[in-house]
Amino acid sequence: MLSREERTPFSEWWWTVDKPLLGAILVLMLTGVILSLAASPPVATRIGLDPFHFFSRHVLFLLPSCLVLLGVSFLSPRSIRRSALIIFAMSIVLIAVTLAIGPEVKGSRRWITLLGVNIQASEIAKPSFVVIAAWLFAESTRRPEMPATSMALVLLLMLVSLLVMEPDFGQTMLILMVWGSLFFIAGMRMIWVFGLAGAAAAGLFSAYLFVPHVAGRIKRFMNPASGDTFQVDTAMEAFYNGGWFGLGPGEGIAKRSLPDSHTDFVFAVAAEEFGIILCLAMLALFAFVVIRTLSRAYANEDMFSRFAASGLAILFGVQAAINMSVNLQLIPAKGMTLPFISYGGSSIVSLAYGVGMMLALTRLRPRTEVEASGHAEAMRSYA
């Protein structure tokens, strides 16, 4: 048993970390392992690999991810800001290198191989970008004379430009939504609300007009007869087949023909084999993580911690919502992983980094530590 009187780093972490939030994240990780075992063997067999190839790699990726999550959750807000700045700079360099020498896969350049490991730099950039944007918005509330909001906008345009060049419009929309949410939380004026909404609508319409890939997906969503909708149709059949309680572990049919049953459509495999009950339980877990983090962030007196934790929670929740919505044919198809459930090394490590920062920023810290950060007085004037 750990005593509250012990002054070791682990004991301080244990008594200040949000244990229900940590527990929900660990349950999601365990669920991802189970669903990877259920969904990935048919895909591996179909492409000539060992049946447990993707499952083994999924577990292998989880090991360093857990270390990243726990290690980052020990950091102070100041250390989080510094690490995010370094990781974001490295991610931008990697994205630029990927655009220059990365292989083209299905019309886009998103992956680069380093030391035998395929890396998607845009995944790593997301949580670090959110933290830096939150830092700048917090500075704008503390020092209005500082052009922090303009700097946040410049960073947004730089990252979005690189993502569009890949192209990766799904990640672009995700980044824009999270940045807009942070801007709103920071107290943006209504004229900015309409301006940003208009700019986002204009960008989406331009993509529809000038990018055939985007136009094709939107057309197939609006009129399924206009093109190939095999994956989303098969995913919907999985929900119908599974019903409330599912066909049973290993009894699914959709995963035998779905090319992305272990990544983009693992939610449909979960519905078919374990039923809608499991899907609702997963939805409840995702909602709990987001709402719990937002409530803890709102109670935080440090403006940076409040904004950063809120932005990371929104990033986590919106990504999960996009994946589940695609599986249910509520939005056009988009390759977006389900956090900690879908297969993908870069995604899992990036999510662990982001969630680790969420845990660190929502820890119960002494008031003296909060005031030492220099944002407590700004929080009072902001409120």
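Residues numbered from 1 in each chain as written. Predicted model: local features only at pLDDT ≥ 70, side-chain atom pairs only at ≥ 80, totals over all residues. Heavy atoms only, no water.

You'll find the protein chain entered in an unreviewed UniProt entry as Probable peptidoglycan glycosyltransferase FtsW, with Bradyrhizobium vignae given as the organism. The UniProt entry for the protein chain carries the following comment under Sequence similarities (unreviewed entry): "Belongs to the SEDS family. FtsW subfamily." In the Subcellular location (unreviewed entry) part of its UniProt record, the protein chain is described as follows: "Membrane". (UniProt positions renumbered as here; feature names shortened; annotations may be inferred.)

Caption draft 1: Local environment of the packing of helix 7 (residues 169–185) against helix 12 (residues 303–327). In the contact formed by helix 7 and helix 12, the axes pass within 9 Å of each other and the chain directions differ by 145°. The way helix 7 lies across helix 12 gives a crossing that is right-handed. Here Leu174, Met177, Val178, Ser181, Leu182 and Ile185 of helix 7 lie close against helix 12, whose contacting residues are Phe307, Ser310, Gly311, Ile314, Leu315, Val318, Gln319 and Ile322. Partitioned by chemical class, the residues of the contact of helix 7 with helix 12 number 10 nonpolar, 4 polar and no charged. (Axes fitted to C-alpha atoms, helices over the stretch in contact; angles between N-to-C directions. Helix = DSSP H or I, 4+ residues; strand = E, 2+ residues; numbered from the N terminus. Left-handed = near helix turned anticlockwise from the far one by under 90°. Contact = heavy atoms within 4.5 Å. Nonpolar A, V, L, I, M, F, W, Y, C, P; charged D, E, K, R; others polar.)

Caption draft 2: Main features of the packing of aromatic side chains. A complete count under the given rule lists 12 aromatic pairs for this structure. Seen from their ring centres, Phe61 and Tyr343 are 6.2 Å apart, and the 50° between their planes marks the pair as tilted. With a gap of 282 residues between them, Phe61 in helix 3 (residues 53–73) and Tyr343 in the loop between helix 12 and helix 13 (345–361) connect regions that are remote in the sequence. We classify Phe61 as buried; its relative accessible area is 17%. Considering the side-chain rings of Phe137 and Phe183, the 5.4 Å spacing of their centres and the 10° angle between planes classify their relative orientation as stacked. With Phe137 in helix 5 (residues 121–142) and Phe183 in helix 7, this residue pair connects regions lying 46 residues apart in the sequence. Taken together, the ring pairs connect Phe10, Trp13, Trp14 and Phe74 into an aromatic cluster. One residue, Lys19, lies across the ring of Trp14, its end atom 4.9 Å from the ring centre. Above the plane of the ring of Phe304 lies Arg81, whose end atom (NZ or CZ) is 4.8 Å from the centre. (Phe/Tyr/Trp six-rings, centres within 6.5 Å; stacked < 30°, edge-to-face > 60°. Buried < 20%, exposed > 50% of the residue type's maximum accessible area, 1.4 Å probe, protein only. Lys NZ or Arg CZ within 6 Å of the ring centre and 35° of its normal.)

Caption draft 3: Examining the nonpolar core more closely. Ile25, Phe137, Leu159, Phe286, Phe316, Leu338 and Phe340 are the most contacted members of the largest nonpolar core, which has 102 residues in total. Other than its neighbours up to four places away in sequence, Phe137 contacts Thr149, Ala152, Trp179, Leu182, Phe183, Ala186 and Phe307. (Core = buried A, V, L, I, M, F, W, Y, C linked by side-chain atoms within 4.5 Å.)

Caption draft 4: Just the packing of helix 3 against helix 13, in detail. As a packed pair, helix 3 and helix 13 sit with axes 8 Å apart at the nearest point and diverge in direction by 20°. Between helix 3 and helix 13, the crossing angle belongs to the class labelled roughly parallel. Crossing angle aside, the handedness with which helix 3 passes helix 13 is right-handed. Contacts between helix 3 and helix 13 involve His58, Phe61, Leu62, Ser65, Val68, Leu69, Val72 and Ser73 on the former and, on the latter, Gly345, Ile348, Val349, Ala352, Tyr353, Val355, Gly356, Met357, Leu359 and Ala360. Of the residues contributing to the contact of helix 3 with helix 13, the split by class is 13 nonpolar, 5 polar and no charged. (Parallel < 35°, antiparallel > 145°, perpendicular 65-115°, else oblique.)

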